[in-house]
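Residue-level structural notes
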Amino acid sequence: MAALGWLTPRRRSATARSVLAGEASAEAARKTALAGAGAEAGAEAGTEAPPEEPPAEPEFPVAGDDLAAAFFDLDNTVMQGAAIFHFGRGLYKREFFQRRELARFAWQQAWFRLAGVEDPEHMQDARDSALSIVKGHKVSELMAIGEEIYDEYMAERIWPGTRALAQAHLDAGQKVWLVTAAPVETATIIARRLGLTGALGTVAESVDGVYTGRLVGEPLHGPAKAEAVRALAAAEGLDLERCAAYSDSHNDIPMLSLVGHPYAINPDTKLRKHARTNDWRLRDYRTGRKAVKVGVPAAAGVGAIAGGAAAAIALHRRRK
């Protein structure tokens, strides 16, 4: 990431930090996609025969609509559990940090999976510790290790149903972006492996390819995700009313509310209630329950632990 020496996040309001984080993430995502890190947009369009019965509502996604795109939250939406904890497991295997740190991350992961909520104190702790750990290490090192860890721990945890939803958008000729509080480097690896366009994630400041130990703005979480989507849509010339967004967490209601087609995927209690109240579509792949509302693409058959994560658990100094 390019250095932003003028950045002084502590002097900015919470709203300003969210906007800054969103804009930085959008810029990073577009640069990565343009550089060829995002894989080509999915497989060739399917040739299945049209359904015998007419659909309950207009076909979606609309093929050929280049003003539309899809935005997917990562943790518990696209992938079971939190990406940053799976990444931490891989780093522990490589002896990047101590057993007591693994125990803490394991506890947070267990809490996240069982409770389905993001604990603000855990998130703050993860951010502070991660930023101190990553300082002075190379971005390229994180990326190389991330590729290995994806194969070891993440690939088998992708929800087939959500991946099918993403593929439906790709087959319709639309761009598909991950939007997560996980480090943008980790998110970019996952997006590329899934054949998606790219990823919006928490941006950690770096100078000459080395982490400074500071974030650009704040973790891409809650309102910051909405700002990132808004910034990317403006840069890409998208019509948000024609776009779709998918998430499991009530923390992502700001992002979901931006688009014309919001979906609650594996929703937590608060999001499920909000979705029902606002007539949003739902789908739960954890139990095989069918959508409460029709209209989920036929192809498809909490939030991240914060951005401390910006390399969270990331690169602890190797033992010598």
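Look above for the structure.
Residues numbered from 1 in each chain as written. Predicted model: local features only at pLDDT ≥ 70, side-chain atom pairs only at ≥ 80, totals over all residues. Heavy atoms only, no water.

1. Looking at the overall build of the protein
Condition: The helix and strand labels rest on DSSP assignments: H or I over at least four residues marks a helix, E over at least two residues marks a strand, and numbering proceeds from the N terminus. Note on exposure labels: buried denotes an accessible area under 20% of the residue type's maximum, exposed denotes more than 50%, and partly exposed covers the range between, all computed with a 1.4 Å probe on protein chains only.
Counting secondary structure elements, the protein contains 10 helices and 8 strands. Expressed as a percentage of its 320 residues, the buried residues of the protein come to 54%.

2. Digging into the pairing of strand S2 (residues 175–183)
Both faces of the sheet carry side chains from a regular strand, because those side chains alternate between them. What counts is decided by this rule: Note on pairing: two strands pair once DSSP finds at least 2 bridges between them. By convention, a crossover is right-handed whenever its connection, traced from the first strand over the helix to the second and viewed with the strands pointing away, goes clockwise.
Burial analysis of S2 places 8 of its 9 residues in the buried class, which makes it a mostly covered element. Of the pairings in the sheet, the one linking strand S1 (residues 69–73) to S2 comprises 5 bridges and is parallel in character. Bridge pairing in S2 links Phe 72 to Leu 178. Of the strand pairs in this sheet, S2 and strand S3 (residues 198–202) are connected by 4 bridges, and their pairing is parallel. Note on S3: the bridge partner recorded for Trp 177 is Gly 198. The β-α-β motif built from S2, the intervening helix H7 (residues 184–193) and the parallel element S3 has right-handed crossover chirality.

3. Quick word on the nonpolar core
Using the following cut-off: By nonpolar core we mean a set of buried residues, namely Ala, Val, Leu, Ile, Met, Phe, Trp, Tyr and Cys, connected to one another through side-chain atoms within 4.5 Å. Contacts are assigned to residue pairs that have any heavy atoms within 4.5 Å of one another.
Residues Phe 72, Phe 87, Met 154, Leu 178, Ile 190, Leu 196 and Tyr 246 are the most contacted members of the largest nonpolar core, which totals 41 residues. Mapped by element, the contributors of at least two residues to this core are S1, helix H2 (83–93), helix H5 (139–154), helix H6 (160–171), S2, H7, strand S6 (244–247) and strand S7 (261–265). The biggest single contributor to this core is H5, with 7 residues. Leaving out residues up to four positions away in the same chain, Met 154 has contacts with Met 79, Ala 83, His 86, Phe 87, Ile 149, Thr 186 and Ile 190. Counting 28 residues, the second largest nonpolar core, distinct from the first, contains Trp 177, Ala 224, Ala 228 and Leu 238.

4. Observations regarding H7
Within H7, 8 of the 10 residues are buried, leaving the element largely enclosed by the surrounding structure. Among the residues of H7, Val 184, Glu 185, Thr 186, Ala 187, Thr 188, Ile 189, Ile 190 and Ala 191 are the ones counted as buried.

5. Section: the pattern of salt bridges
Going by this rule: Salt bridge, as used here, is a side-chain nitrogen of Lys or Arg placed within 4 Å of a carboxyl oxygen of Asp or Glu.
Summed over all chains, the structure comprises 14 salt bridges. For Arg 192, the salt bridge identified is with Glu 147, shortest N-O distance 1.8 Å. With Arg 192 in helix H7 and Glu 147 in helix H5, the pair connects residues that are 45 residues apart, well separated along the chain. We note a salt bridge from Arg 214 to Glu 205, for which the minimum N-O separation is 2.6 Å.

6. Observations concerning the packing of aromatic side chains
Convention followed: Pairing of aromatic rings covers Phe, Tyr and Trp, the last through its six-membered ring, and needs centres within 6.5 Å; plane angles under 30 degrees mean stacked, over 60 mean edge-to-face, and all others mean tilted.
Counted according to the given criterion, the structure contains 3 aromatic pairs. Consider the rings of Tyr 246 and Tyr 263, whose centres lie 4.5 Å apart with planes at 15 degrees: the pair is stacked. Here Tyr 263 lies in strand S7 and Tyr 246 lies in strand S6, a separation of 17 residues in the sequence. In this pair, the class of Tyr 246 matches that of Tyr 263, namely buried. An aromatic cluster is built from Phe 60, Phe 72, Tyr 246 and Tyr 263, whose rings are joined through pairwise contacts.

7. Focus on the packing of H2 against H5
Spelled out, the test is: Note on geometry: axes are C-alpha line fits, over the in-contact stretch for helices, and angles between N-to-C directions span 0 to 180 degrees. Geometric relationships in this document are graded by angle, where less than 35 degrees denotes roughly parallel, more than 145 denotes roughly antiparallel, 65 to 115 denotes roughly perpendicular, and other angles denote oblique. Each residue gets one label: Ala, Val, Leu, Ile, Met, Phe, Trp, Tyr, Cys and Pro are nonpolar, Asp, Glu, Lys and Arg are charged, and the others, such as Gly, are polar.
At a closest axis distance of 9 Å, the pairing of H2 and H5 adopts a crossing angle of 105 degrees. It follows that H2 is roughly perpendicular to H5 by the angle criterion. Residue-level inspection shows Ala 83, His 86, Phe 87, Arg 89, Gly 90, Leu 91 and Lys 93 of H2 in contact with H5, the latter providing Leu 142, Ile 145, Gly 146, Ile 149, Glu 152, Tyr 153 and Met 154. Of the residues belonging to the contact of H2 with H5, the class tally is 8 nonpolar, 3 polar and 3 charged.

8. Overview of the sheet that holds S3
For sheets, the rule is that strands pair by backbone hydrogen bonds, running either parallel or antiparallel. Within the open sheet, the 6 strands sit side by side as S3-S2-S1-S6-S7-S8. Their pairing is parallel. For this open sheet the edge positions go to S3 and strand S8 (281–283), each flanked by a neighbour on one side alone. Each adjacent strand pair in this sheet contributes to an overall mean axis angle of 20 degrees, direction not counted. One ladder, built from 3 bridges, connects S7 with S8; its direction is parallel.

9. Considerations on unusual backbone geometry
Backbone geometry at Asp 208 places phi at a positive 55 degrees, although glycine is not the residue there. Of note, Asn 266 is a non-glycine position whose phi angle comes to about 50 degrees, a positive value. Relative to the helices and strands, Asn 266 is located in the loop between S7 and helix H10 (269–277). Look at Asn 266 and you get buried, because its relative accessible area is 1%.

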